[in-house]
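Listed below are the residues making up each chain.
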Amino acid sequence: MYPPMPQNILLILFDSLSTATCVDLAEQLPTLTQFRGNSLCFPNAYASSPESGPARASLFTGLDLSAHGVWSDGVALPERETTVTERFTDQGYETWLCGRRHLSGVSNWTTEHARPFEFAQFDWAHGPHHRSRQNAYLTWLQAQAPELYAQIFPKQPNPDATDVPEAQRRAIRALAHELSFNSWVTDRICAHIKGRATDQPFFGVAGYVVGQDQGGPPDPDHIGEAVDPAALQQADAGLARILDCLSGADLLQNTTVVVAATRGDQDAGATSDPMKQRAVQTSLMFQTAGITPRIDSRVVTTADLVPTLYDIAKIRPPRRIQGTSLLSGVTSAVPPTALFRLRRAGQQMQTAVVQGDWKLIAEHGQPDDGHAPRYRLYNLNVDPGEAHDLAADPAHMADLEAMIDVMLDARVAREDRTEPRIAKF
Amino acid sequence: MSNALTNAPQRPNILFICTDQQRGDSLGCTGAPWAHTPNLDQMAAQGALFENCYVQNPVCSPSRASVFTGKYVSNHGLYANGVPLPRDQHMFTRTLADAGYDCGMIGKQHLSPCDTWRTEPRRDDGYRVFEWAHGPNHRALENDYHRWLRQTHPDLYQQIFPDTGANENTEYSNQARTGTPIDHVPKEAHYSHWVGERAIDFISHARGPDEPFFLMANFFDPHHSFGAPQEFRDLIDADAIPAPVTKPGELDEKPEPHRAYSEKSYSGTAPGFQDYTAEQIKEIRAQYWAMIALIDHEVGRILAALKAAGLAENTLVVFSSDHGELLGNHQQLLKGPQLYDDLTRVPLVMRWPNVIGAENKVSELVQWVDLPATFLAASGCAPGQGVQGQSVLPLATGGSDNWRSWAISEYRYSGFTTDPLIMTTMVRHHEWKLILWHGEPACGTQRDGELYNLSDDPSELHNRFHDPDCAEIRRRMKGVMLDAMAQTEDRSESRQRPW
């Protein structure tokens, strides 16, 4: 009896991609659509925040905002936390990342650094518009097409003037497919797969960028971004190449391929609402030997991703973890809940909870005022577009209070109680 | 800011006298005329008496972690007794020591598990003096009270502790129905006297002119077991103490777990209210106030030593307690997930001559989490990262008109554990108080609640949670709790970039 082959892990991570967009654009995304059908798919996976930084911190650690402390974009993941890639590195995995990471502030063209011993290979680039001198994609683009590069970027970047000129946006959009950011991510991933010289298991992260900001400054008036369809199609094609590459290297059998998104997205051109379903509702898809493809529609969170990977790879999770493996069965008769929070400085704090058909959003005020938060209540079953706010409807007073109770309990459930109780007193 | 505060002496000494399990209403000056607390009453008359000070948790360790870190229980990570304070949490005593304060801790601290006679480990605490004793019956070899007792009263020590103690006997005093032998020793051999002696020694230590001190003198009493030296029991008239507060059928209108906590205390592991006769409860209450009388006696000695050393003028003296005691009220004893004022409201008295005016009664809602901010403000130190409370000095000096109108307390299976786990949260806003007994997804307990109007029901006898006439106030208070929870989150990690 031989020990089981260690599972390689390949995490295909989109920056902003809602379940709704995956469904709406299914015909334009043949690989993703097919992958969805061939995977264990959780289409009701909620991010912990509509902001990228906090959502990514949860996804990479398995912790909620209340524990990891990354309460808004621009806050770095505290040193005390263990990322999933650090953990796998410690367990003997070769780890690499190609593309975006965003676990620290990157505005003003700030470079994001890997942690010590986190990645064997760190091909980092926040996006095609991000002008850090360490943007590995731009370095590659300059080497591949120096004249074109000089046309697109005629000047040195200025960290104090980071608006992206429209001409630059057009030029990046017009790049040939093989020169696009997501094609570069795919090339690097495939190179790692093909270039493996040892039997050391690997954990790779493909950080695709499909949001319309493409690594440039986000719209300061809106949280979240719409998807750039062309970038998404490039990523879809990239996924096909990666799967072919794995197959060609005879690695599909012992590689778990996970497709996930940091957070959802926004309607193109519409007034954005950071607490809408599509801002936080994404899909988690696992394709791995021994797991039967199916759709599991229960409410889960993206903080459940890394506990699931630890479970698949039979690796003991770090001590600080709050999510639970999605391979474990349902243990409670109570419907699962999703809780997400918006805590951006200068903006009204908002908390939302989803359970069953119901969704409650609370816009917080000052407790001193003694007023309740301003609530919005939706029945997602009959009103998936969240057009009819029932919070002020006397007929739904009991539903409102029931969801307030759920929000209070869900908030308590996510507090940081990771320190073990080692004695009675 | 008031003139007194603006002109306050720089870097005063800070003496924090802390008791364990002492109710807010247990002093003569806080509504207990049967109490024998002349020294504390005088201290309150000379300074500020806070009438509404709430702790962040109703049991020792989580509450104390809030005072040492300045954070709410949901943020500092020590959510239950038996959980060590996470290593990355910063103690305010370290900040004071770094600023040149001579820091000391005497008595019980409880930032790490002390079960099975464990010695509490030192942290990066900044103390020069750490004379630790988790309690008078705690058999750790490094119990400094026992070391002192062996030297000062060897025969008594040998008589009370003839053997080395067995680890499995760790709940000896929790399970005692009355006082244990060590509780009834003569005053001169008592734990409270030891705290007084060691505090006086610390105060008398020679220091340079620019070396102020911070001392936390921790009494174990009036924590059960309920017993005191006879000479202090003799000071208490048991007949003058009112019977416990309750009403017929009270438990029927409270959340279900109240019934179990009436039958047995400490989640079924210790004698409960119903194990005692009315006469025995009466004696428990008398012994409780006898313990407080002894504490008051020792506080008087400490304050006299401060005066004799010429330090009274330039010392901020603070008296408080980590949580309360049910003491038979609501047909319950000791403490647990119940968030009555019996457990969450504690005494808070502050004296700082020439800065805090005399006879200042402060009715605003203050919290234990405010104490480290207060100490740091008095010392001139900046609050450290993550310190969430506010200095109460503006209130004490009569110079604040913009104080928060709410207080929060969070119990997270913090006492002895149960199956299913119990979690409760209290929020008080002006006269209303809401207590939620959480359910799924927090824990498996049946979700329920309590709602009290403290202006017409200060004893919290009439639960209005299910009263249809109070449905609107119940919903509003749940909203206040949601807002308070959001407000108290730890968002201290710095935002280094806009995105």
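Residue numbers here run from 1 along each chain, matching the order of that chain's written sequence. Following the order in which they are written, the chains are lettered starting with A and the ligands numbered starting with 1. In view of the model being predicted, local features appear only for residues whose pLDDT reaches at least 70, and side-chain atom pairs are presented and counted only at 80 or more, with totals across whole chains, interfaces and linings using the full set of residues. Side-chain calculation: all heavy atoms of the structure are included, whereas hydrogens and water are not.

(A) Structural context of the domain arrangement of chain A. All names here are of chain A. Throughout the structure description, domain borders are defined by an automatic or database domain assignment. By domain assignment, chain A separates into domain 1 (8–313) and domain 2 (348–413). Contact definition: two residues touch when any of their heavy atoms are within 4.5 Å. Listed per partner, the contact involves 6 residues of domain 1 and 10 residues of domain 2. Here's the idea: put two parts together, see how much 1.4 Å probe accessible area each one loses, and the total over both is what we call buried area. Overall, the association of domain 1 and domain 2 removes approximately 660 Å² of surface from exposure, summing both partners, and the carbon and sulfur fraction of that is 52%. For domain 1, the biggest contributors to the area lost against domain 2 are Met275, Lys276 and Gln277; these three give 72% of the whole. Only one rule defines a salt bridge in this text: a Lys or Arg side-chain nitrogen within 4 Å of an Asp or Glu carboxyl oxygen. One can count 1 salt bridge joining domain 1 with domain 2. Taking the shortest distance from any N to any O, the salt bridge between aspartate 273 and arginine 376 comes out at 3.0 Å. Here a polar contact is recorded for every N or O atom pair within 3.5 Å, except that within protein the pair must consist of a potential hydrogen donor and a potential acceptor, and residues adjacent in sequence are included only if both atoms are side-chain atoms. Summed over the shared surface of domain 1 and domain 2, the number is 5 residue pairs in polar contact (both at pLDDT 80 or more).

(B) Quick look at unusual backbone geometry. That bond from Asp221(B) to Pro222(B) is cis: its omega, 5°, falls within 30 degrees of zero. The residue Pro222(B) is located in the loop between strand E5 (213–218) and helix H10 (230–233) in this model. Cis geometry marks the peptide bond from His224(B) to Ser225(B); its omega dihedral reads 5°. Secondary structure elements are taken from DSSP: a helix is a run of H or I of four residues or more, a strand is a run of E of two residues or more, and numbering for both begins at the N terminus. Residue placement: Ser225(B) occurs in the loop between E5 and H10. Residues other than glycine seldom take positive phi values, yet Trp109(A) does so here, at roughly 55°. Within the element layout of this structure, Trp109(A) appears in the loop between strand E3 (94–99) and strand E4 (121–124). Buried means the residue's accessible area, taken with a 1.4 Å probe over protein chains only, is under 20% of the maximum for its type, while exposed means over 50%, and partly exposed covers the values in between. For Trp109(A), a relative accessible area of 9% gives the class buried. Its identity as a non-glycine residue notwithstanding, His430(B) has a phi of 50°, on the positive side.

(C) The arrangement of the interface of chain B and chain A in detail. Facing the 62 residues of chain B at the interface are 62 residues of chain A. Among the ionic pairs, Glu401(A) bridges to Arg474(B), the shortest N-O distance being 2.7 Å. At the level of secondary structure, the elements contributing two or more residues to the side of chain B that touches chain A comprise strand E11 (406–412), strand E12 (423–429) and helix H16 (471–487) of chain B. All amino acids are sorted into three groups, where Ala, Val, Leu, Ile, Met, Phe, Trp, Tyr, Cys and Pro are nonpolar, Asp, Glu, Lys and Arg are charged, and the leftover types, Gly among them, are polar. For the side of chain B that touches chain A, the per-class residue count stands at 23 nonpolar, 20 polar and 19 charged.

(D) Looking closely at the packing of aromatic side chains. For Phe, Tyr and Trp, rings pair up if their centres lie within 6.5 Å, where Trp contributes its six-membered ring, and each pair is then called stacked (planes under 30 degrees apart), edge-to-face (over 60) or tilted (otherwise). Inspection of every chain in the model, using the stated rule, returns 32 aromatic pairs over all chains. On the basis of an interplanar angle of 50° and a centroid distance of 5.0 Å, the ring pair of Tyr149(A) and Phe153(A) is categorised as tilted. In this pair, the class of Tyr149(A) matches that of Phe153(A), namely buried. When the centroid spacing of 5.5 Å and the interplanar angle of 35° are considered together, the rings of Phe92(B) and Phe375(B) count as tilted. Here Phe375(B) lies in helix H14 (residues 370–379) and Phe92(B) lies in helix H5 (residues 92–98), a separation of 283 residues in the sequence.

(E) How the structure looks around the sheet that holds strand E14 (residues 448–453) of chain B. Residues and elements named next belong to chain B. Pairing between two strands requires that DSSP report at least two bridges joining them. If you trace the 4 strands from one edge of the open sheet to the other, you get E11-E12-E13-E14, paired in antiparallel fashion. Strands at the two margins of the open sheet, each flanked by one partner only, are E11 and E14. Sheet twist, expressed as the mean angle between neighbouring strand axes with direction ignored, is 10°. Along the sheet face, H16 touches E11, E12, strand E13 (432–437) and E14 and points at about 100° away from the line of E12. Every angle, taken between N-to-C directions, lies between 0 and 180 degrees, and every axis is a line fitted to C-alpha atoms, over only the stretch in contact when it is a helix.

(F) Representation of helix H3 (residues 60–69) of chain B within the structure. All names here are of chain B. Across the 10 residues that make up H3, a large majority, 10, are buried. The complete set of buried residues in H3 reads Cys60, Ser61, Pro62, Ser63, Arg64, Ala65, Ser66, Val67, Phe68 and Thr69. Two residues or fewer past H3, glycine 70 is found with a positive phi of approximately 75°.

(G) Looking closely at the sheet that holds strand E11 (residues 350–355) of chain A. Residue and element names in this part refer to chain A. Within the open sheet, the 4 strands sit side by side as E10-E11-E12-E13. Their pairing is antiparallel. Every interior strand has two partners, whereas the edge strands, strand E10 (337–342) and strand E13 (374–379), have only one. Taking each pair of neighbouring strands and ignoring which way they run, the sheet shows an average axis angle of 15°. Sheet topology places E10 next to E11; 6 bridges connect them, and they run antiparallel. Counted as the bridge partner of alanine 338 is valine 354 from E11. Contacts between helix H13 (residues 397–413) and the sheet are confined to E10, E11, strand E12 (358–363) and E13, with E11 contributing the most and set at about 105° to the helix.

(H) Looking closely at the environment of Ser39(A). Residue and element names in this part refer to chain A. Along the chain, the position of serine 39 falls in the loop between helix H2 (30–37) and strand E2 (40–46). Taking the C-alpha atoms as reference, serine 39 lies 7.3 Å from threonine 292; in sequence the two are 253 residues apart. Once you skip the residues sitting within four places of it in the chain, serine 39 turns out to touch Met285, Phe286, Gln287, Pro293 and Arg294. A polar side-chain atom of serine 39 sits 3.2 Å from the main-chain carbonyl oxygen of arginine 36.

(I) Highlighting the pattern of salt bridges. Under the counting rule described, the total for this entry stands at 69 salt bridges over all chains. Where Glu489(B) meets Arg343(A), a salt bridge forms, and the shortest distance between an N and an O atom there is 2.7 Å. One end of the pair, Glu489(B), is in the segment after H16; the other, Arg343(A), is in the loop between E10 and E11, on a second chain. For the residue pair Glu489(B) and Arg343(A), the accessibility class agrees, reading buried in each case. Asp102(B) is the partner of Arg128(B) in a salt bridge, and the nearest nitrogen-oxygen pair spans 2.6 Å.

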